[in-house]
Amino acid sequence: MHDINNSAAETPARSVLTRPVVLVGLMGAGKTSVGLRLAAALGVDLVDSDTEIEAAAAMTIPEIFEKYGEAHFRDGEQRVIARLLDARPAILSVGGGAFMNEQTRAAIREKGVSVWLKADLNLLVQRTSGRSHRPLLNNGDPRDVLADLIAKRHPIYAKADVTVESRPRQTHEQMATRIIKALTAHGRSFAPEPS
Ligand code: S3P
């Protein structure tokens, strides 16, 4: 249930989320931190596909990459996201590579609404620096890796239903409010709360 009578977000005064909202975008785009604020504002859970994969495998993502390789991780990621899309509508933060998978994209399109959190290279580098839990950024210069991923992935992320750009110095709350506005304009995410 969502109650934001005075919010600039302009959803129906009391409304419920009717389908999962799937946050896509590169590592460091803010999917999890913005997703937390978004979930709180909408009164639903935030579910993180990486966390679910780690729980299912009883291993961290770096361990999965190291022991079984990226392709194995991608299989698990596809299965986990398919399951999460069938669960109660929530905010679903998915790993940066998930939307590159065609079946996953089709499932998200069918069952959810996708939101691309679009951030530029400097912001992504800044937000991911000093962290070691992302295997793709542990080989080579993270700026080069991220620049390469921008070139490969941004054209695919652009297929998301809604795009919201990260702005410098914007808080996660402000970003969440802009996402709610964009989702409301898109029109497939909310329904009035049944009385
Ligand atoms: C990946 C992004 C990570 C995680 C894995 C691979 C990617 O998730 O799924 O390390 O391919 O971009 P975040 O985007 O949540 O960091």
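Residues numbered from 1 in each chain as written. Predicted model: local features only at pLDDT ≥ 70, side-chain atom pairs only at ≥ 80, totals over all residues. Heavy atoms only, no water.

**Focus on the overall build of the protein**
For the protein, the count of helices and strands is eight helices and eight strands. Relative to a compact globule of 195 residues, whose C-alpha radius of gyration would be 16 Å, the protein shows 16 Å and is just as compact. Considering only contacts within the protein whose residues lie at least 6 apart along the sequence, 73% involve residues at least 24 apart. Total accessible area on the protein is roughly 9,900 Å²; 49% of this is exposed by carbon and sulfur atoms. (Helix = DSSP H or I, 4+ residues; strand = E, 2+ residues; numbered from the N terminus. Rg over C-alpha atoms; globule rule 2.2 N^0.38 Å. Contact = heavy atoms within 4.5 Å. Areas by Shrake-Rupley, 256 points an atom, 1.4 Å probe, with all protein chains shown as cover.)

**Here's the deal with the site of the ligand**
Around the ligand, the surrounding shell holds 13 residues, and the nearest of these are K31, D50, R74, R134 and R153. Interatomic distance of 3.4 Å between a backbone N/O atom of G97 and an oxygen atom of the ligand. Compared with its free state, where it exposes 380 Å², the ligand has 95% of that area covered by protein. Cavity membership is defined here by more than half of the atoms lying within 2 Å of grid points; on that basis the ligand lies in the largest pocket. (Near = heavy atom within 4 Å. Polar contact = N/O pair within 3.5 Å; in protein donor to acceptor, adjacent residues only side chain to side chain. 1 Å grid on protein atoms, 1.4 Å probe; cavity = no way out; pocket = protein on both sides within 12 Å on 5 of 7 lines; lining within 4 Å. Sits in = over half its atoms within 2 Å of the grid points.)

**Notes on empty space enclosed by the protein**
Where empty space is left can be seen by rolling a probe of water-molecule size over the atoms. On inspection of all chains with the given rule, the structure shows two cavities of 30 Å³ or more. As for the largest cavity, its lining consists of A29, G30, V34, R127, S166, R167, Q170, T171, H172 and M175. The residue inventory of the lining of the largest cavity, partitioned by class, reads three nonpolar, five polar and two charged. By volume, the second largest cavity amounts to about 30 Å³. Lining the second largest cavity are R74, E77, Q78, A98, N101 and T104. At three residues, helix α4 (residues 70-85) tops the list of elements feeding residues into the lining of the second largest cavity. (Points joined across faces, edges and corners; volume = space filled by probe spheres on them. Nonpolar A, V, L, I, M, F, W, Y, C, P; charged D, E, K, R; others polar.)

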